[in-house]
Amino acid sequence: MHTLVAATRNQGKIREIKSLLPDFELLSLDDIGFLEETPEPYDTFEENAHTKARAVYNFCGKDVFSEDSGLCLPALQGAPGVHSAYYGGLPRSDAKNNEKLLNDLIGIEDRSAYYKAIVCLIWKGEVHYFEGRCYGKIAEKPSGSNGFGYDPLFIPDGYTQSFGELPISEKQKLSHRGNAIRAMLDFLHKQV
Ligand code: IMP
């Protein structure tokens, strides 16, 4: 079984990723003893994902992938985008982020949005990127407590319920992260 490091400490993400990569031995940052916090200071998901993957690769020399993701609204020129995690200010809080997003949308008709995930894979020393998106719209108010982040506000296209209300298994089928990881998986299955 091939070993792959997932450059995250987020247990929710690790669970989601494990179910998508059953043929790989998946190691987390805690498993490899990587304790540093890697900042995400860049304006692109690609640079943020690459910086983290590179730091972990330099640390352990193993094949590794990292993911950076966020919510983008065309009506807000792509915001919150790479700033999704702390859109409502520091310390980061999902409640503050959701509140700011709703305030920003007052008087704006176009509530379309998409989640975007970029996976950066360092495989045999070479860098590869994979993108996944999930399109939907922003509800008038939050509902449900499944998922995390903006999920109580995000209604995926073709549904009437938010990701906060839909079962996690349904989110996994549609999600940006799932789509990006499935694209990486297609690549990996051609390699091993
Ligand atoms: P990061 O990729 O861990 O830096 O996450 C960026 C931020 O984007 C998160 O803190 C959330 O605010 C938002 N985000 C990314 N993916 C999701 C998702 O699947 N649901 C809800 N919010 C998300």
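So, how was this worked out
Residues numbered from 1 in each chain as written. Predicted model: local features only at pLDDT ≥ 70, side-chain atom pairs only at ≥ 80, totals over all residues. Heavy atoms only, no water. Near = heavy atom within 4 Å. Polar contact = N/O pair within 3.5 Å; in protein donor to acceptor, adjacent residues only side chain to side chain. Areas by Shrake-Rupley, 256 points an atom, 1.4 Å probe, with all protein chains shown as cover. 1 Å grid on protein atoms, 1.4 Å probe; cavity = no way out; pocket = protein on both sides within 12 Å on 5 of 7 lines; lining within 4 Å. Sits in = over half its atoms within 2 Å of the grid points. Helix = DSSP H or I, 4+ residues; strand = E, 2+ residues; numbered from the N terminus. Nonpolar A, V, L, I, M, F, W, Y, C, P; charged D, E, K, R; others polar. Contact = heavy atoms within 4.5 Å. Axes fitted to C-alpha atoms, helices over the stretch in contact; angles between N-to-C directions. Parallel < 35°, antiparallel > 145°, perpendicular 65-115°, else oblique. Left-handed = near helix turned anticlockwise from the far one by under 90°.

S.K.: Please clarify how the site of the ligand should be interpreted in this entry.
M.R.: The environment of the ligand is formed by 16 residues, the closest being K13, F148, D151, K171 and R177. A distance of 3.3 Å separates a nitrogen atom of the ligand from a polar atom in the side chain of Y115. The fraction of the free accessible surface of the ligand (490 Å²) that becomes covered by protein chains is 90%. For the ligand, the cavity whose grid points lie within 2 Å of the majority of its atoms is the largest pocket. Of the residues forming the shell around the ligand, the biggest block, four residues, is contributed by strand β3 (residues 64-72). For the shell around the ligand, the residue count by class is four nonpolar, five polar and seven charged.

S.K.: Just to check I follow, could you spell out the side chain of H176 for this structure?
M.R.: Within the fold, H176 resides in helix α6 (residues 176-191). Leaving out residues up to four positions away in the same chain, H176 has contacts with S69, Y115, K116, A117, G132, R133 and C134.

S.K.: Before we go on, may I ask you to explain the packing of helix α1 (residues 11-20) against α6 in this structure?
M.R.: Packed helices, taken two at a time, are described by the angle between their axes plus the distance between the axes. Contact pair α1 / α6: the axes reach a minimum separation of 10 Å and the direction vectors enclose 40°. Judged by the angle between their axes, α1 and α6 are oblique. When you trace α1 past α6, the crossing you get is right-handed. In contact with K13, E16, I17 and L20 of α1, α6 contributes R177, G178, I181, R182 and L185. Its residues assigned to classes, the contact of α1 with α6 shows four nonpolar, one polar and four charged.

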